[in-house]
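A look at the structure
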Amino acid sequence: MKTPGKAHPCRCSCHDQGGHAHQPCDRCCDAHGCGPSRQPTCPPPEHCPFPGTVELPQQEPPPKVKTAPQRPETVGRPPLGSAGEIPWFRGQLGGILRDGPTFGPRKDEFLPFLFVRANAGDSGARPLNDVFWESPDIYVVPGQEASTAPLQPASTGGVARANGPNTLYAHVWNLGKAPAYRVRVEFYWFNPSLGISRADANFIGATWVDLGNRFNNATEWREVDGPSGRYLSHGCHAIVKCPETWVPSVVNGGHECLVVRVHEPMLDAVPPDQFSAAADRHVAQRNIAVVPSASPAAIDLALQLGYVGQPGNAEVEAVLDAPDAMQWLKLYTGRADPGLQLPANPVSYGLSPAVVAESRLQQLAALPFELRQGLLQRVEKVRRGCDPQAIPFHASIADIKRGEAAVLRVRQRMNGTVVGGYTVVLIGS
């Protein structure tokens, strides 16, 4: 803390008008975030302007909306036409003029409720603290230019092809009581990452659709002329094609992460910096690498840890799951029961110590199979600082047969909360 008489960066009851301390004020300054116990923060990284919108400067976040279990006009309301109805109404009006309006649950207001699913049973509730990076609503059709791709994706479980054209699709939803017009759907790609943020976003393209309310559930898919082209509508949900072709980098073998954002700027907006599928229903991630192979099957990936606003301790964990624990495999195989089993032979997988991002990745696949597991850990603890970091991941199997699959999920946790993840699937072909 600054000594008495020296300039102090905070103003509170123990500082004069010039910001000078005139009595010990550790407790006061700590409460204002400028005392000795203040946690250091990382400066926000530079990023490109948000595409297609105007960003307004905002000194403070918007105020939180007050909510009530029920809509205010039903709380303690006297019977219609009774003597107490008029005084009750005047009291409600006075409360609104004094305190502002109080809203009911967001999904019950006459507003759109837009989202992209994180899993098959997703209805938009957030936050999530489980696997949220295997969205069933982001589709890839490899070897197809967007300009010639059909409105209906050829498959919903396609895998991106590196150094070649790929067309992206998104399945977007509106479960609100109000329809949504000119809904913006944005497509992004990221390097393989355990922490998605705007700092690392690479914009691919955007389009617009109109969505009915949750009561508008058509009986079949139909083609619609929308605000920026044609798309497939099913009333309150739609499948929309990204208008731009995506060509993944061969450096990552086509294993980049995909993110889709859906929002309507007036009635159901999303902050420009919001890219967390765990925290916001407007965002969905597909962080999946599929390695179809005869024998052997192997992958080496450098998983970026992402931007962190405040230094701290992180834990990165790699686990082996059974194929039936991954719903997305139903899309990949095109069958309700993929019929996949864990490999009979051992799978070598794990993590190496974290390194500076962009470091050269050690290729464990070049080593004899029996030596690999001894160089890997299931859990790595990382001290997160402000500099970009990555953690190497390896998975391989010496002999994998058709009908076998190993699902390997990597999670990053900070303060017990899952902040990002990535899934690798080794599958026999």
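What counts, and where the lines are drawn
- Residues numbered from 1 in each chain as written.
- Predicted model: local features only at pLDDT ≥ 70, side-chain atom pairs only at ≥ 80, totals over all residues.
- Heavy atoms only, no water.
- Helix = DSSP H or I, 4+ residues; strand = E, 2+ residues; numbered from the N terminus.
- Buried < 20%, exposed > 50% of the residue type's maximum accessible area, 1.4 Å probe, protein only.
- Contact = heavy atoms within 4.5 Å.
- Areas by Shrake-Rupley, 256 points an atom, 1.4 Å probe, with all protein chains shown as cover.
- pLDDT = per-residue confidence, 0-100.
- Pairing = 2+ DSSP bridges.
- Axes fitted to C-alpha atoms, helices over the stretch in contact; angles between N-to-C directions.
- Patch = residues over 30% accessible without salt bridge, like charges linked within 9 Å, V, L, I, M, F, W, Y side chains within 5 Å.
- Salt bridge = Lys/Arg side-chain N within 4 Å of Asp/Glu carboxyl O.
- Phe/Tyr/Trp six-rings, centres within 6.5 Å; stacked < 30°, edge-to-face > 60°.
- Lys, Arg positive; Asp, Glu negative; His and termini not counted.
- Polar contact = N/O pair within 3.5 Å; in protein donor to acceptor, adjacent residues only side chain to side chain.

Moving on to the overall build of the protein chain. Along the backbone of the protein chain there are 4 helices and 19 strands. Counting across all 429 residues of the protein chain, residues that qualify as buried make up 45%. Here the contacts in the protein chain between residues at least 6 apart in sequence split such that 71% fall between residues at least 24 apart. Summed over its atoms, the accessible surface of the protein chain is roughly 22100 Å², and 54% of this surface lies on carbon and sulfur atoms.

In this section: the confidence of the model for the protein chain. Chain-level statistics for the protein chain give a pLDDT mean of 86 and a share of 84% at 70 or above. Confidence drops under pLDDT 50 across residues 1-19; counting only partners more than four residues distant or on other chains, this segment forms 42 contacts. Below a pLDDT of 50 lies the segment residues 21-37, which in the model reaches 32 contacts outside its immediate sequence neighbourhood of four places, other chains included.

Taken in spatial order, the 4 strands line up as β5-β4-β9-β10 in an open sheet, and their pairing is antiparallel. In this open sheet, the two strands that pair with only one neighbour each are β5 (202-211) and β10 (283-286). Between one strand and the next, the sheet's axes are offset by a mean angle of 20°, whatever the strand orientation.

Our focus in this paragraph is unusual backbone geometry. A cis amide bond, omega 10°, links R126 with the succeeding residue P127. Of note, the phi angle at N163 is positive, near 60°, even though the residue is not glycine. With respect to the secondary-structure elements, N163 resides in the loop between β2 (138-142) and β3 (166-174). Taking relative accessible area as the criterion, N163 reaches 59% and is therefore assigned exposed. A positive phi is found at E358, a non-glycine position, where the angle reads about 75°. By the secondary structure assignment, E358 is in the loop between β15 (355-356) and α4 (369-372).

On the surface, F89, L93 and L97 cluster together into a nonpolar patch covering about 340 Å² of accessible area. By the element assignment, L93 lies in helix α2 (residues 85-99).

Once that is clear, we can look at the packing of aromatic side chains. On inspection of all chains with the given rule, the structure shows 7 aromatic pairs. Their ring planes at 15° and their centres at 6.4 Å tell us that F115 and W173 sit as a pair that is stacked. Placement of the pair is F115 in strand β1 (residues 114-115) and W173 in strand β3, with a sequence separation of 58 residues. For W173, a relative accessible area of 16% corresponds to the buried category. For the pair Y188 and F275, a centre-to-centre distance of 5.0 Å together with 85° between the ring planes defines the contact as edge-to-face. Here F275 lies in the loop between β9 (257-263) and β10 and Y188 lies in strand β4 (residues 180-190), a separation of 87 residues in the sequence. Both residues of the pair, Y188 and F275, belong to the buried class.

Within the secondary structure, R411 is located in strand β18 (residues 405-414). The side chain of R411 sits in the buried core without any salt bridge; D130 is the nearest counter-charge, 4.1 Å away. Sequence-distant contacts of R411, defined by excluding residues within four places in its chain, comprise D130, V131, W133, E315, V316, E317, V319, V418, G420 and G421.

All right, on to the environment of V283 then. Within the fold, V283 resides in strand β10. Relative accessible area serves as the criterion here: at 1%, V283 is assigned to the buried category. Sequence separation between V283 and H263 is 20 residues, and the spatial gap between their C-alpha atoms is 9.1 Å. Among all residues touching V283, those that are not within four sequence positions of it are V116, V259, V260, R261, Q274, F275, S276 and A277.

With respect to the helices, strands and loops of the structure, E256 is situated in the loop between β8 (237-241) and β9. Within the buried set, E256 has no salt-bridge partner at all; the shortest N-O distance to an opposite charge, 10 Å, is to R286. Here the side chain of E256 touches S249 through a polar contact of 3.2 Å, landing on its backbone nitrogen. Every residue in contact with E256, bar those within four places of it in the chain, is listed here: W189, F190, N191, P192, W246, P248, S249 and R286.

A complete count under the given rule lists 14 salt bridges for this structure. Two residues, R409 and E134, come together in a salt bridge whose shortest N-O distance is 2.8 Å. Of this pair, R409 sits in strand β18 while E134 sits in the loop between β1 and β2; the two residues are 275 residues apart in sequence, bridging distant segments of the chain. Judged by its relative accessible area of 9%, E134 falls in the buried class.

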